[in-house]
Amino acid sequence: MEKVKEWGLSTKKEFWYKDRNQHCLVKIKGYEIFGETAEYNTLVIEFQDGNLTCIQPAYLKEMQASSFGKEIIIQNADTRAESIPAEPTAPEIKTETKPAAPVLEESQKEKPAKKAKEKKEKQPKLVLPEEKVHFTAKVKQFALSWNHFNEDNDEVVVFEDVRIEQDEPIEVGLAWGSHSKTLKKLELEPGQQLEFDGKIVKKSLPKGKDVEDEALLLEVSVAYKINNPSKIVKK
């Protein structure tokens, strides 16, 4: 566990392993030391079928990101598309359609590229303050979130219309936080307007597992977490 902390990995029991062929949970079984002066380490991980393999700690850490693997999926799709042979075109049709085909292809390619560019401009990356700041927000709902450490669901509060109040306010949108004893004493309800101080970090909300009540599940993704809310005022 000391080595796991040293490599910047959380001390949990299972980690995601992603490659072209699989996306599964693995366990750390140990590590190997190598190099002339024993300065290098490689992790030994175990798959669910009992097979072992080695992996660099930094690479396993990258795999925990939700965005990791999207390029692999796209590359696989491109490879499959290239492997499908083109259908033969009848000789009498080839002369008529050949001049117009490039124009149609260019038109189809330009529209998605333009939309992707517009979407990227509408969603700029947030620069989050590192210090404690003042927030305004509204309670969206309560939910259950899977905790890898105790292998059980935790109660969380999901906030909407989250705004960091400062000289240049930052519109965060959705964020989540633990439904702590402090918050439970306030007896919050969905739609409740709040003001409070706290710290915000980029940490996605893990979805709950084996949740019977659908009202405690969240379908949309929440990318930010609010830690240690204090000086809470209900409006």
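Residues numbered from 1 in each chain as written. Predicted model: local features only at pLDDT ≥ 70, side-chain atom pairs only at ≥ 80, totals over all residues. Heavy atoms only, no water.

**Description of the pattern of salt bridges**
In the structure shown here, the tally under the stated rule is 8 salt bridges. For Glu-155, the salt bridge identified is with Lys-184, shortest N-O distance 3.9 Å. A residue pair is termed long-range when its members are at least 10 positions apart, and Glu-155 in strand β6 (residues 152–165) and Lys-184 in helix α6 (residues 181–185) qualify at 29 residues. The class of Glu-155 is partly exposed, set by a relative accessible area of 42%. Accessibility expressed as a relative area gives 42% for Lys-184, which makes it partly exposed. Here Asp-197 and Lys-231 are joined by a salt bridge, their closest N and O atoms 4.0 Å apart. Taken as a pair, Asp-197 in strand β8 (residues 193–202) and Lys-231 in strand β9 (residues 224–234) lie far apart in primary sequence, 34 residues in all. Members of the salt-bridge network, linked through shared partners, are Lys-138, Glu-160 and Asp-161. (Salt bridge = Lys/Arg side-chain N within 4 Å of Asp/Glu carboxyl O. Helix = DSSP H or I, 4+ residues; strand = E, 2+ residues; numbered from the N terminus. Buried < 20%, exposed > 50% of the residue type's maximum accessible area, 1.4 Å probe, protein only.)

**As for unusual backbone geometry**
Positive phi outside glycine occurs at Glu-187, with the angle close to 50°. Relative accessible area serves as the criterion here: at 63%, Glu-187 is assigned to the exposed category. In this model, Lys-231 sits at a positive phi of 50°, which is unusual for a non-glycine residue. Among the residues examined, Lys-231 registers a relative accessible area of 66% and is labelled exposed.

**Looking at the sheet that holds strand β1 (residues 15–18)**
Pairing is antiparallel in the open sheet, where 4 strands are placed in the order β1-β2-β3-β4. Single-partner strands in this sheet number two, and they are β1 and β4 (52–55). Here the strands of the sheet are splayed against their neighbours by 50° on average, with no regard to which way each runs. Bridge count for strand β2 (residues 23–34) against strand β3 (residues 40–46) is 7 bridges, and the pairing is antiparallel. What sits directly across from Glu-32, in β3, is Thr-42. (Pairing = 2+ DSSP bridges. Axes fitted to C-alpha atoms, helices over the stretch in contact; angles between N-to-C directions.)

**Thoughts on the environment of Ile-164**
The topology assignment puts Ile-164 in strand β6. Each C-alpha atom of the pair Ile-164 and Val-133 lies 6.9 Å from the other, and the pair is 31 residues apart in sequence. Once residues within four sequence positions are removed from consideration, Ile-164 is found in contact with Pro-129, Val-133, His-134, Phe-135, Pro-169, Ile-170, Val-172 and Ile-200. (Contact = heavy atoms within 4.5 Å.)

**Brief notes about the pairing of β3**
Side-chain direction in a regular strand flips from residue to residue, so the side chains alternate between the two faces of the sheet. In terms of residue burial, β3 counts as a mostly covered element, since 5 of its 7 residues are buried. Pairing analysis gives 4 bridges linking β3 to β4, with the strands arranged antiparallel. In the sheet register, Ile-45 faces β4, and the bridge partner there is Thr-53. Hairpin connection, β3 to β4: the antiparallel pair is bridged by 5 residues, and Gly-50 has positive phi, about 95°.

**Quick notes on the packing of aromatic side chains**
Inspection of every chain in the model, using the stated rule, returns 3 aromatic pairs. When the centroid spacing of 5.8 Å and the interplanar angle of 40° are considered together, the rings of Phe-159 and Phe-196 count as tilted. Residue Phe-159 is found in strand β6, and its partner Phe-196 is found in strand β8; the two are separated by 37 residues along the sequence. Chaining the aromatic ring pairs together yields one cluster made of Phe-135, Phe-159 and Phe-196. (Phe/Tyr/Trp six-rings, centres within 6.5 Å; stacked < 30°, edge-to-face > 60°.)

**Thoughts on the confidence of the model for the protein**
Parts of the model with low pLDDT should not have their predicted coordinates read in detail. Residues of the protein with pLDDT of at least 70 account for 74%, and the chain-wide mean is 78. Predicted confidence in the protein is weakest over helix α4 (residues 91–97), with a mean pLDDT of 48, and strongest over β8, with 94. (pLDDT = per-residue confidence, 0-100.)

**Observations regarding the nonpolar core**
Core analysis: the largest hydrophobic core is formed by 19 residues, its most contacted members being Phe-135, Phe-159, Val-162 and Ile-226. Going through the elements one at a time, β5 (133–147), β6, β7 (170–178), β8 and β9 are the ones with two or more residues in this core. Sequence-distant contacts of Phe-159, that is, excluding residues within four places in its chain, are made with Ala-137, Lys-138, Val-139, Lys-140, Gly-173, Leu-174, Ala-175, Trp-176, Gly-177, Leu-194 and Ile-226. Core analysis: the next-biggest nonpolar cluster, separate from the first, contains 14 residues, Trp-7, Val-26, Leu-43 and Leu-60 among them. (Core = buried A, V, L, I, M, F, W, Y, C linked by side-chain atoms within 4.5 Å.)

**Some thoughts on empty space enclosed by the protein**
Scanning the model with the defined rule gives 1 cavity of 30 Å³ or more in all. Taken together, Phe-159, Gly-177, Ser-178, Leu-183, Ile-226 and Pro-229 make up the lining of the largest cavity. For the lining of the largest cavity, a count of residues per class yields 4 nonpolar, 2 polar and no charged. (1 Å grid on protein atoms, 1.4 Å probe; cavity = no way out; pocket = protein on both sides within 12 Å on 5 of 7 lines; lining within 4 Å. Points joined across faces, edges and corners; volume = space filled by probe spheres on them. Nonpolar A, V, L, I, M, F, W, Y, C, P; charged D, E, K, R; others polar.)

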